[in-house]
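Residue-level listing of the chains:
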Amino acid sequence: MSLTEEGSFLFDSAESLIKDFEQLDRSMRGRKKATNGTVTVSSPVEFGRKYVVPLIDSFSSQSPDVSFRLLFGDSDVNHVDCGCDVEIRFGALADCALTTRKLGEDSAITCAAPAYLEQFGAPQCPAQLADHNCLLFYDDRQAEDRWDYVVDDEAVVVRVVGNRLATDRRALVDIALAGKGLIRTSAWNIADQLAERTLIPVLESYRQAPTPIHLLTERRSLLPNRTIDFIDCTVSYFRRLNQRLSDVLAGPVETPVT
């Protein structure tokens with residue numbers, strides 16, 4: 001047998017294409033093994049400011065060639081459309097093909113400054129919130145004025161009122177620290193204040209079950225080394241922080257009526 005003219009053309013062209021593909025494959029394998037490049041991280045706003053930014057600073061001290069693109073927002077993003085490498089999400093997850101790792105748990109904490117509790121006392125049950133000034137988050141559409149608790153193993157929603165509404169959760173924390181009212185917010189947002197006892201939890205025996213915090217990524221086998229290294233750093237970082245927060249919440253929490 002012998003090749004036709006067309007067969008010889010096909011063989012020569014295919015050989016060139018195979019060499020180009022092998023070169024491309026080597027280049028891609030090299031890029032995947034490289035520890036430089038960009039990692040895109042998505043996170044809720046306050047959580048990102050307080051925890052993800054310091055995490056990235058710490059990671060960058062060991063891997064200065066890695067750049068980061070930070071997508072902070074309180075609405076879930078589309079992992080593919082936004083080009084995310086790593087997502088941090090709170091709450092239950094819808095079915096998806098992404099790999100999930102549990103970073104920890106979050107609890108909604110009702111608390112106030114010692115000055116407020118000394119003046120007005122602490123509510124002893126959710127119904128007594130009606131007698132207190134509650135500081136409310138406002139998301140441009142409506143106030144978060146329905147606070148949920150567990151009473152006698154039943155979920156209870158209490159409508160609260162107050163004289164301060166804000167679209168910035170950090171501002172509400174500052175107002176609470178000034179002794180102006182009760183606040184209900186993520187334990188992660190006020191971990192430092194809880195540890196320092198500048199904010200004191202109330203209604204702890206009525207607190208709802210904690211919310212899981214997840215890390216979402218593609219399968220590890222599909223990820224470049226820079227993303228794998230960052231994921232490993234993230235898991236270790238939040239393991240330490242979660243233990244610290246657990247210790248804080250396990251400490252003395254209830255405040256009696258004064």
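For clarity, every value in this text was computed on a predicted model and none was experimentally measured.

Calculation rules
Residues numbered from 1 in each chain as written. Predicted model: local features only at pLDDT ≥ 70, side-chain atom pairs only at ≥ 80, totals over all residues. Heavy atoms only, no water. Helix = DSSP H or I, 4+ residues; strand = E, 2+ residues; numbered from the N terminus. Buried < 20%, exposed > 50% of the residue type's maximum accessible area, 1.4 Å probe, protein only. Contact = heavy atoms within 4.5 Å. Areas by Shrake-Rupley, 256 points an atom, 1.4 Å probe, with all protein chains shown as cover. Polar contact = N/O pair within 3.5 Å; in protein donor to acceptor, adjacent residues only side chain to side chain. Core = buried A, V, L, I, M, F, W, Y, C linked by side-chain atoms within 4.5 Å. Salt bridge = Lys/Arg side-chain N within 4 Å of Asp/Glu carboxyl O. Pairing = 2+ DSSP bridges. Axes fitted to C-alpha atoms, helices over the stretch in contact; angles between N-to-C directions. pLDDT = per-residue confidence, 0-100. Arc of directions from axis to C-beta.

Caption draft 1: Representation of the overall build of the protein in the model. A count of helical and extended segments in the protein gives six helices and 12 strands. Among the 258 residues that make up the protein, the fraction classed as buried is 39%. Considering only residue pairs separated by 6 or more positions, the protein has 79% of its internal contacts joining residues 24 or more positions apart. Surface summary for the protein: the accessible area is close to 14800 Å², and the carbon and sulfur share equals 50%.

Caption draft 2: Fine view of the environment of Tyr 116. You can see Tyr 116 is positioned in helix α3 (residues 114-120). Along the sequence, Tyr 116 and Ile 200 sit 84 residues apart, while their C-alpha atoms lie 9.9 Å from each other. Here Tyr 116 is in contact with Gly 121, His 132, Asn 133, Gly 179, Lys 180, Gly 181 and Leu 182, once residues within four sequence places are set aside. Within the local environment of Tyr 116, its side chain forms a polar contact with the side chain of His 132, the two groups lying 2.9 Å apart.

Caption draft 3: Local environment of the nonpolar core. If you look at the biggest cluster of nonpolar residues, it comprises 40 residues, and the most contacted ones within it are Phe 47, Tyr 51, Phe 68, Ile 88, Trp 188, Phe 230 and Phe 238. Residue contacts for Tyr 51: discarding those within four places in its chain leaves Trp 188, Ala 191, Tyr 237, Phe 238 and Leu 241.

Caption draft 4: The pattern of salt bridges, seen in detail. Enumeration according to the criterion identifies 12 salt bridges in this entry. Here Glu 46 ties to Arg 170 by a salt bridge, and the two come within 3.9 Å at their closest N and O atoms. Taken together, the residues span a long stretch of sequence, with Glu 46 in helix α2 (residues 45-62) and Arg 170 in helix α4 (residues 169-177) at a distance of 124 residues. Linking Glu 105 and Lys 102 is a salt bridge whose minimum nitrogen-to-oxygen distance equals 3.0 Å. Judged by relative accessible area, which is 52%, Lys 102 ranks as exposed. Shared partners join several salt bridges into a network, and the residues in it are Glu 46, Arg 49 and Arg 170.

Caption draft 5: Local environment of the sheet that holds strand β2 (residues 66-72). Sheet architecture is open: five strands sit in the order β2-β1-β3-β12-β4, paired in mixed fashion. Edge positions in the open sheet fall to β2 and β4 (99-106), since each of these has one partner strand only. Put simply, the sheet's adjacent strands are angled 20° from each other on average, direction ignored. Inspection of the sheet shows β4 paired to strand β12 (residues 211-217) by seven bridges, in the antiparallel sense. Its bridge partner lying in β12, Asp 106 is registered against Thr 211.

Caption draft 6: Main features of the side chain of Glu 87. With respect to the helices and strands, the residue Glu 87 is situated in strand β3 (residues 86-90). Residue classification places Glu 87 among the buried positions, given a relative accessible area of 1%. At 2.8 Å, the side chain of Glu 87 forms a polar contact with the side chain of Arg 89.

Caption draft 7: Region of interest: the confidence of the model for the protein. Mean pLDDT for the protein: 86, with 83% of residues reaching 70 or above. Averaged pLDDT values over the elements of the protein bottom out at 62 in helix α1 (residues 5-33) and peak at 97 in α3. Low pLDDT, under 50, characterises residues 253-258; the predicted model gives this stretch 21 contacts beyond four residues in sequence or across chains.

Caption draft 8: Layout of the pairing of strand β8 (residues 154-159). Pairing of strand β7 (residues 146-151) with β8, which is carried by six bridges, proceeds in the antiparallel orientation. Bridging across to β8, Asp 148 finds its partner in Val 157. Between the end of β7 and the start of β8, which pair antiparallel, lie two residues, with Asp 152 showing a positive phi angle near 55°.

Caption draft 9: Expanded view of the pairing of strand β6 (residues 134-137). By the alternation rule, side chains of β6 split into Cys 134 and Leu 136 and Leu 135 and Phe 137, which are all buried. Across two bridges, the pairing between β6 and strand β10 (residues 182-186) is parallel. Bridging from a neighbouring strand, Cys 134 pairs with Leu 182 of β10. Two elements, β6 and strand β9 (residues 165-166), share two bridges in a ladder whose sense is parallel. Note that in β9 the partner of Leu 136 across the bridge is Leu 165.

Caption draft 10: Expanded view of α4. Turning to α4, its buried residues number three or more, namely Leu 172, Val 173 and Ala 176. Taken down its axis, α4 places every buried residue within 100° of arc, on the same side. Summarising the contacts, the buried residues of α4 are in contact with β6, β9, β10 and α5 (191-196). The opening residue of α4 is Asp 168, an N-cap whose side-chain oxygen sits 3.0 Å from the backbone nitrogen of Arg 170. A positive phi of about 80° marks Gly 179, the residue just after α4.

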